[in-house]
Every structure is written in structure tokens, then in C-alpha cells.
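Each chain, written out:
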Amino acid sequence: MLGSAPGLSGRWERLEPRPRARMLRKVLHAGLRTSFHALGRFVASHPVFFASTPVLLSILLGASFSRYRVEEDVEGMLAPKHSLAKIEGNLVDSLFPVNRSKHALYSDLQTPGRYGRVIVTTRKGSVLDPVHLDTILKLHKRIYQMQVTVPATGVNSYNYSFSYLCLPDDKNVCIIDDIIRAMEEIQSARTSNRSVPILRYPITQLADGRQAYIGHQLGGVQGWGPSGAVRGQGTGARGEGVRSARALQLTYYLQAHGSLMDRVASQWEKAFCAELQHFAALHPKLGLYPSTSSSLRTDFQFSSVLAHRPLMASLGACGVLAVLCCSMRDCVRSKPWLGLLALLSVTLSGLTAAGILNLTGATYNSTYLGIPFVMLGHGLFGSFEMLSSWRRTREDQHVKERVASVFEDVMLRFSGSTMLHLMTLGLAASPLTNMEAVRLFCRTATLSVTISYVYMLSFYSSCLVFTGYLETGYRHGCFCRRVPKPDRLDSKPAWYRCLMYTRYQDEAQTTNPPHEVDHSPAQMPNSNLTLTHAHTHPHTPNNTAAHGHVHVANSTHTHPHPLPLPLAHSTANTDPNPQDSHLLLGCMRRCYGDWITNTYVKPFVVLLYLVYISFGLMGFLQVTQGSDPSALVAMDTATVLYTRAQQRYFSSYSPVIGFYIYESAPYWNASVQRDLLEYAKGFQRISWLESYLNYLSDRNQSTSQPRENFTHTLRHSFLREPQFAHFADDIIFAERGQGEEPDVAASRIFLVAKTTENKREEMSVLLDTLRRLSLTSRVRFLIFNPSFVYLDRYAAAVSSPLRHSLLAVLFLLGLSSLAVMEPLVSVWLGLTLLSVQFGVLGFMTLWGVELDCMSVLCLISALGHSADSSGPLLCGFASGQGDSRTRWVRVALERHGVPSLQTLICYSAALVPVSSVRSNLTRTLFRCLTLTAGCSVLHTLAFLPTLLTFLPPSKSQGQRPEGEGQRQEVECVEMNDSTRVVDQITTV
């Protein structure tokens, strides 16, 4: 072997790692490379089987799309799965169910299974103007009388109206909003020429004496101030008169008990939206914004429908650029079909994963739109790495040996990046994740990446074998017909010669004189290139040909360690015709590598990295959580339009907050009364306790009475008054014993807070404040609003999967550094992942993206994408020994920078059509994935090449051995032969 050559053994030994420190790593590394070499040879020996099996499996599993189901429970998917708000909501439903309310319902507090809701706005004037008021009441009447037929056809069809589906009160009359009763009173007064009753805001008094909160039913209110002055919108005090209002909100609650009633209610919701659309066309002066219980689910899943054509366009654009990236001027060595076959491999793996999900009963949601891009980035990089490694193999080798060399060179790194993908996605898919949408996405993405990896080893590798046989037979890379030799090609037209241009092996031999050595920094070969076995003598290079002690090993033995750089340069397949090489490879070799490692360019790159970190930190400090579900639905849908109208006209007050006292409390105690009144102080409130205490005071009775007197007066006097009868829905009595007054087992009051534009942030602060207060209060209470389900611990639920995935990656890198990779490679890769993640998080915030479940999914996938991009470059740089850092950076860029650049080009082309989808979800997806690709390639092609030129790991310079009289050089001489095989003879 090489050790038999005197002088080379000392140089080779100095390049070997210390055996005691790295023995385990060497053994594992060599064993894995040998295993992948054997796997590559096995795949190359059975290409038909490995090409046909994935196709047949995908077709069989693709037939399972008849079981395709869409996720129905959007709230359970977008809200934290385990939260205190959900427990509190279940307790509230058990104490005060919606069906128990017989007098009034608050549209933003009670959320039954089915409902229809509409916001009515005016283009000009007030909704309380006579013409608009009459129109709104006419709309209410039409909705009330609207009927649906279920089933639509058949003998057993029945007509159902709102009066049959509504929630009835104690008089078996449908519960309607209090603002409707107030408007009917105003209309009746105007019709009979009576004085119009004063409508106060946000709490008004109805004709029966009952006080009603209408802050969530009347919006854009301007009130009368002192001395008749007009107050601004939403600035009125408690109970001031309403001068004008720009918006009105109506809610219609439906019963949905049983499958039949649920189907009827679903049909009624559709008819409700259709009726409003027809009514809006007849009355253009009014703006109608409907919303139903199924609007969020429908609009959330509508993003998938809108993305169908852009995804097809993405696939087409990516395919075109993949073909161009795999093409060369040399028609034989060009591999355009491999670009399309790489996309086909990703498509087949996605089809297989979808079939498995269908067979297992899984459901689909719009967050799955990001999974094809996770597979695309990982699969494209692996395919371009394999193609780059194929072009570095010796052309005189057999196709099986070349494929085995590609597996040995690429698959260890590709398997490592796949493990990073599976670790990040798998941990986020574990029960540790509290966000169901994140868990489902990561579970599906883990399955898809696994299948994509298997198909890359089988389907794409077998396609590489077929194209290799085409190249061996000198067939055109696109048309698959044999390319004629130059003597026959000269008689053809110019366009035909250009189309059929190739370089035959005998041409390459004539262009390289036998003893002409090129010492330029040529393309680095595979680390598994064959070491030539030669017995050299201290003569001139010509003596090499004179002696017969030359033996060339034809890749029957591969060395697991990289060659020293001088030997690497000499054994490299020096390109005699630079114009024949790949365009990007030529640019990287002759232009970009020298430019990025230039001494005068490095300070600017370092400055650019400092600017990158500065802007990333600026955005990181401004990260906001996006707990609003409407930010994940398609644009211009009912949910978005309704949410905008609600934020515009109904943002002056918070949603109605239920203050629930769930244990028996001594309400007759003066100190307890003071505490409860103090808790409600500062809120707009509908409180039975406050009204009852005022009732006692008006009757000159003491508010601090014995329990029996307090409860007796409450039950038999206060609750029997017409204006206070509705408070019976807010109190639960528990029987004590025969002849004793029952206790107040539980009760509730309603609170409304004054808010500003940052409504959700203020609600989150209010929730935390009242919860802390409940821990120290003598009265056991809880607060609840349906929006708390999204707010409660949302930041922790969203960020925990990302945090766990990042820790898992760092742990995996640390573990692999002990066995497989160089420790410094793990350190550099971990720092690169942190830097990319930090930059993506900061820049997406500056781009207007909030931290919601979709952006977190993109951040989790960014870990694997950045590892795909930067990992091979770091491994290639760290594996080299000898010579300078700059030289090895250029070699690493040439070998691994080009696949990264090709992946970026195709990946960016696939993302561009997604930006045209009118959806908030796809907009977040596009921005986050664009930043991920940009930050990853910026680190791979700019930051890392610059930093590695002056930061560890160091490159040991070869010292001249003692007693060595002259500098020894290794050169590779090509010998002409009549056969196609080119013998490489190493001389010293």
C-alpha cells in the first residue's frame, strides 16, 4: 500500500488522528461507510426492483383517498390541549349550561354548539335611524321565519324554522338579544307618536324594568355627554344616552341535540348565510358580516382549497429549475432527468405517507401545507449531493462501483441530517407538546421524511444507476440515443453538433500529455478514491514509465480517511475543458471561492454577520404571540371580515367575563360582600349581589342579615320581582334539610372591562391578575370566557415544542460527536442552527409574523433545513488535513456549496407561487420558509466560509521529516491506452 513508498509514510502518519483519542470514532465511521458502500452496490445490482417497488406501493396506498377526512374540531387543534381554561370551562358548563339560561344570553360568553351571528353596519348614518332600524327589524323577522328542509328531497322531508331550533325561555319563547327588544320599543314609540325611550350604553333598562348589557350588541357608539355635548366613539360613561351607533350585532342560538338536530342546525346555518347574502344585495346601504359555528372550520380548511393550483405551479417551477440545475453542456454527462426524478421521488413519498394516514384514520388540516416543503428541501439537497458525488467518481469504473462510492461518500451525512429531522419533528410530535396542531403536523412530517429518505435510497438511487448506464454507453442524457463520435459529427449541421456535443474518453486522453501535471487547485475527489499502489524510485518522473513495478487498484479497496491535499489535487479528475463543467460548479470553482476567501472581503462578511445578529435581536425583542385563530384562515372569508368588523366597532369593551363562585359562601357576611364588590369594582357589571344589596337598601333593610333571612328575602321577594327575575339563572340553591332555607351553592356575575386597541393582550393580563387574586381570596371563584381557551398558556404551549426540539438537536449533536463526527463539527453545527433559528425568529417578527402554531412549525422544520445546508460543508472542511484553511474552504464550497445553491434555487422557485395564495396561513408559511432558506444559505455560502478561515478547527501543516534532503511531491500521470480505461500512476 501507500506505506511501502518511502517518504510518504511519514506524511500519511502525521495526517492520521491520534489512535487512542479517536479509535471509537474511526471504527464507527469506517463501519458505517463500509455498510453504505455495500448497500449502494446492492441497490445498483437490483435497480429494477428498487425503482418499481416505490411506484407500485405509492399507487396502492394512493387508492385509499376514498377515506380522506378533514379535521372538524378546529378549536381543539389550535388551542392548548391541556390548560386551566378548559378545565374551568367544563366546570362552568356543568354548573350553568346554556340550556339553563331562560332569560338572556351573552353572545361572547355562551358558545353553544350551533349559532348564527351577524354584524350589521351602515354606510352612512346610524343603525338607530328610522330607515335603518326598520330594515334591521325586517331582517330579524326574515331570519326568524326562515325555514330549511331536511332531507332536501323525499317523502319524509320536514320544514324546520328558527322557532323550532331556538333556545326557549321560561315562557317557551325563543331567547333573542336584548337590543332587538329595545329597538322594537323604539319603533313602537315612533309609530304611536310617543316619546322615544332613552337607550343607554353599555347598560340600558328595558320596558319591563330589567337592566341589560348591550355593549356587545351595539358598536361604534357616540353618546350624549354633560349639557348635551357629544362624546366620542366608545368614550361614554356608565349608562349614558346613545346618540348614534354605527354597528349592531345579532346572535341566534340553536339547539343541536342528536344527529338529526345537528344536521338540521348545520343546514340552517348555510341558509342563514345565503339569506344574509341575498338581503345585502337588496339593501346596499347596509353592510352584513355573518359568522356561524362552522365558519372558523370552513375558512381554516379553505386555505387548502385555494392552494391547489399554486402548489401545482410550485411543482412545475421547481421541476424546470431542477432540470436546469442538473444539466451541462456535455450531453452525455448531463443528467436533466434526475432533476425530475428527484421531484418524482418526493411526490411518491408524499403519496405513500398520505395513503398510510388515510388507512390509519387520520384527518387532514391546512397546516399540512407545509409538509411538502419540508420533504422538498430535504429530498432536493440529498439528490443534488448524490449527483455532485457522482460527478466526482472515476468514469472508468463500473456503474455499480460508482453508485457504491456515491453511497459511501454521501449517505452518512444524509442519514445524519435525516436523523436531525426525525429528532426535531419526533419530539415535537410527542405527548410533551400541548398544541394539537403542532403535534399532528410533526407526526405527519416525521412519517413523510422517513418515507422520503427510504425512497431516496431506493427509487432515486436506482434512477441514478439507469442514467449511469446511459452515460457509460455514451447516450444522450435527455433523448437517450447514442451520441456519434467526432469524426461522424463533423458532417452534421451546427445545431446538431451543439445538441450532441460530448467529450469522448480518448479525447480527454489526448488533451492531457502523459507527464504534464496541473498543480492548480482542482476539484477535490471523493474521500473514497482509490489509493494507487506504486513502487517508486528516486529518479525523474519518466522513470515511472520505464519500470514495470506499477499496479493500479481499480477501486477494489477504499480508504475511509480523506487524502492529503497534495495527493487529492494530483489524483483529482482535472477538467481539461472548463467549459464542459457545470455552470454553477465553474462559477464556484473559479470565481466565488476565491472571492469569499479574499482577505479584503472577510471584514465585510464579518460586518454583515454583526448586522444580521443586530436585526435578529431587534426582532427577537419584539416577538408577539398570535393567539387569534382568525389569523390562520383564508383572507376575504366570512371569519376575517367578521373579525375586522368586530375589532373596529366592538373593541371599546372586553368580551363578557363570567365571574363564577363555585362553592357555598357566606353572602350575608358584610366582609364577604365588601370583598365581592371590591373585586367587581372598575368593571361594567351585571351582578345579582349588587342589585340585591341595593334592593335591601331601598327597602331600608340591613344588608348584613342572618343566613335564613338573607336567603328567604332573596328567594321569595327579590327574585319574584319582574325586573330581577332574570337573576334566577345566575344562582344555584342547594337544599339543606326539611324546614330550612337552602344555601346558595354557586352563583355568577358578569363583568366587562374597558379596553383599548390591544384587546387580546389586555385580556391576557386581566386573566392572570384575576387568577392570582382567586388564590388568596376567601371566596372560591373562577373567571371564564371562551377566548381564554386560546389565551391561557398559549405562549408556553406554542414555544415548548420548539424549545424541546432545539434541546434534542443539541443533545444529538453532542452524542454524535463522541462516536461519529468530529467534536468541533458538532459545535459548529450547533452554533449554526442556533444562529439560523435566531435570525429566522427575529426577521419574521420584523416582517409582521406573530408567534403562532404555523410559525412555530416552520421554526421547527428550520432546524433540519439548516442542518441539511451547512452540515456537509462543515464535515467536508473538518475532514481535510494539511495545507491552509483557505484551500480547504474552497474545496468544501466546491463540493457542498453547489448542492446548497441548487437546492436554494429550486426551493425558492417552489415558494414563489405560494405567495399568491390569499390566505393568512400560507402568507405566514411563505415568509417563514423564505427566511429559513435565505438564512441557511447565507450561513453556508458566506458566514461559515469566512469564519472557518480563521477559527478552529485548525489544519496541521506538514513538516519536512528529518533527514529528508529534498521536498517530495506526488503527481498523477495519465497514460494513453487503446482501451477506455485511464491508468493513474503515482510517482514520488
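A short tour of the structure in this document, coming up. No experiment lies behind these values; they were computed from the predicted model shown.

### Let's talk about a nonpolar patch on the surface
Thought 1: On the surface, Leu-607, Leu-610, Val-611, Phe-615, Met-618 and Leu-846 cluster together into a nonpolar patch covering about 510 Å² of accessible area.
Thought 2: Ranked by residues supplied to the nonpolar patch, first place goes to helix α22 (residues 602-620) with 5 residues.
Thought 3: With respect to the element layout, Leu-607 can be found in helix α22.

### Remarks on the pattern of salt bridges
Thought 1: Here the structure, examined in full by the defined rule, presents 29 salt bridges.
Thought 2: Residue Asp-409 pairs with Arg-413 through a salt bridge whose shortest N-O separation is 3.8 Å. Placement of both Asp-409 and Arg-413 in helix α14 (residues 399-428) is noted, with a separation of 4 residues, approximately one turn of the helix.
Thought 3: The buried category is assigned to Asp-409, whose relative accessible area is 2%.
Thought 4: Between Arg-918 and Asp-636 there is a salt bridge, and its shortest N-O distance comes to 2.9 Å. Here Arg-918 is found in the loop between α32 (885-911) and α33 (920-947), whereas its partner Asp-636 is found in the loop between α22 and α23 (638-649), with 282 residues between them in sequence.

### Some words on the packing of helix α25 (residues 688-698) against helix α26 (residues 707-718)
Thought 1: The geometry of α25 relative to α26 is characterised by a closest axis approach of 12 Å and an angle of 90° between their N-to-C directions. The orientation of α25 relative to α26 falls into the category roughly perpendicular. Residues Trp-688, Leu-689, Ser-691, Tyr-692, Tyr-695 and Leu-696 of α25 lie in contact with α26, whose contacting residues are Phe-710, Thr-713, Leu-714, Ser-717 and Phe-718.
Thought 2: Residues that form the contact of α25 with α26 fall into these classes: 8 nonpolar, 3 polar and no charged.

### Considering the state of the cysteines
Thought 1: All told, the structure shown has 1 disulfide when counted by the stated rule.
Thought 2: Paired through a disulfide, Cys-166 and Cys-174 show a sulfur-sulfur distance of 1.8 Å. Measuring handedness by torsion sign, the sulfur bridge of Cys-166 and Cys-174 sits at about -70° and is left-handed.
Thought 3: No disulfide involves Cys-478; its nearest neighbouring cysteine sulfur is the one of Cys-480, lying 7.5 Å away.
Thought 4: Cys-478 gets classed as partly exposed once you look at its relative accessible area, which sits at 31%.
Thought 5: Free of any disulfide, Cys-587 has its nearest cysteine sulfur in Cys-591, 5.5 Å distant.

Cut-offs applied
- Residues numbered from 1 in each chain as written.
- Predicted model: local features only at pLDDT ≥ 70, side-chain atom pairs only at ≥ 80, totals over all residues.
- Heavy atoms only, no water.
- Patch = residues over 30% accessible without salt bridge, like charges linked within 9 Å, V, L, I, M, F, W, Y side chains within 5 Å.
- Areas by Shrake-Rupley, 256 points an atom, 1.4 Å probe, with all protein chains shown as cover.
- Salt bridge = Lys/Arg side-chain N within 4 Å of Asp/Glu carboxyl O.
- Helix = DSSP H or I, 4+ residues; strand = E, 2+ residues; numbered from the N terminus.
- Buried < 20%, exposed > 50% of the residue type's maximum accessible area, 1.4 Å probe, protein only.
- Axes fitted to C-alpha atoms, helices over the stretch in contact; angles between N-to-C directions.
- Parallel < 35°, antiparallel > 145°, perpendicular 65-115°, else oblique.
- Contact = heavy atoms within 4.5 Å.
- Nonpolar A, V, L, I, M, F, W, Y, C, P; charged D, E, K, R; others polar.
- Disulfide = S-S within 2.5 Å.

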